[in-house]
Amino acid sequence: MALERTFSMIKPDATRRNLTGAITKALEDAGLRVVASRRVWMSRREAEGFYAVHKERPFFGELVESMSSGPTVVQVLEGENAIARNREVMGATNPADAAEGTIRKSFALSIGENSVHGSDAPETAAQEIKYWFSDTEIVG
Ligand code: RTP
Ligand code: MG
């Protein structure tokens, strides 16, 4: 099977609680390799641009507010089936529904403060990686 890349974020609720290492270890233990990583405190504008697909949703304002409330770690992950593998280890969007052993089950506070983001398809992975990283910043 071919190596795939996906985009991942460790959200402000998690960096605030000093969980960058714990979450990165869970990703690595799931067979994913961090091939790019940067800590960024995104502006409201950057958060709005990144989440533009959700702009009509009722939670959009809350989402932008929360994502620009503190530092985020943006990452590119590489591995076999990386997109699906990452979503599996993240767990369900709402931590109340997340399976035992997933990142969101272990660390998320609520559906809004759910500690991690992961791309949901090859097209969105490519777009999201490009939103935060140039090709030379990704070292496989
Ligand atoms: P993500 O994009 O963050 O990896 O999570 P996801 O695919 O599981 O969830 P998605 O539907 O794409 O929603 C993006 C983020 O918006 C927040 N959200 N809040 N208050 C709410 O009802 C609500 N619904 C979604 C979550 O933080 C979710 O991760
Ligand atoms: Mg999503």
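The numbering scheme is per chain: residues are counted from 1 as the chain's sequence reads. The lettering of chains begins at A and the numbering of ligands begins at 1, in the order of writing. Only residues with pLDDT of at least 70 are given local features in this predicted model, and only at 80 or more are side-chain atom pairs given and counted; all residues enter the totals for whole chains, interfaces and linings. Excluded from the side-chain calculations are hydrogens and water; all other atoms, namely the structure's heavy atoms, are used.

Per an unreviewed UniProt entry, the protein is named Nucleoside diphosphate kinase, and its organism is Aquamicrobium ahrensii. UniProt positions are given in the numbering used here, feature names are shortened, and annotations may be inferred rather than shown by experiment. Within the UniProt record for the protein, the comment given under Subunit (unreviewed entry) is "Homotetramer." For the record of the protein, the UniProt heading Subcellular location (unreviewed entry) holds the text "Cytoplasm".

## What to know about the layout of surface pockets
Within this scheme a cavity is a closed region of a 1 Å grid, computed over the protein atoms alone, that accommodates a 1.4 Å probe without allowing it to escape, whereas a pocket is open but has protein on both sides within 12 Å along at least five of seven lines; lining residues each have an atom within 4 Å of a point. Grid points are joined across faces, edges and corners, and a volume is the space filled by probe spheres set on the points. Roughly 730 Å³ of volume is contained in the largest pocket. Numbering goes from the N terminus for both helices and strands, where a helix is a DSSP run of H or I of at least four residues and a strand is a run of E of at least two. Breaking the lining of the largest pocket down by element, the ones donating at least two residues are helix 3 (44-50), helix 4 (60-67), helix 5 (82-90), strand 4 (116-118) and helix 7 (122-132). The element contributing the most residues to the lining of the largest pocket is helix 7, with 4 residues. Among the residues forming the lining of the largest pocket, the class breakdown is 10 nonpolar, 11 polar and 8 charged. Gly is put with the polar residues, along with every residue not named as nonpolar or charged; the nonpolar set is Ala, Val, Leu, Ile, Met, Phe, Trp, Tyr, Cys and Pro, and the charged set is Asp, Glu, Lys and Arg.

## A few points about the UniProt feature "binding site: ATP" (unreviewed entry) in the protein
As annotated by UniProt and renumbered to match this structure, "binding site: ATP" (unreviewed entry) occupies K11, F59, R87, T93, R104 and N114. Within the annotated group, the residues that form the lining of the largest pocket are K11, F59, R87, T93, R104 and N114. With respect to the element layout, K11 can be found in the loop between strand 1 (3-10) and helix 1 (12-16). The buried label goes to any residue with under 20% of its type's maximum accessible area, the exposed label to any with over 50%, and the partly exposed label to all in between, with areas taken from a 1.4 Å probe on protein chains only. The class of K11 is buried, set by a relative accessible area of 6%. A contact between two residues is defined here by any heavy atoms of the two lying within 4.5 Å. Other than its neighbours up to four places away in sequence, K11 contacts Y51, M67, P71, T72, N114, S115, V116 and H117. Locating N114 in the fold gives a position in the loop between helix 6 (103-107) and strand 4. In this structure N114 comes out as buried when scored by relative accessible area, which is 2%.

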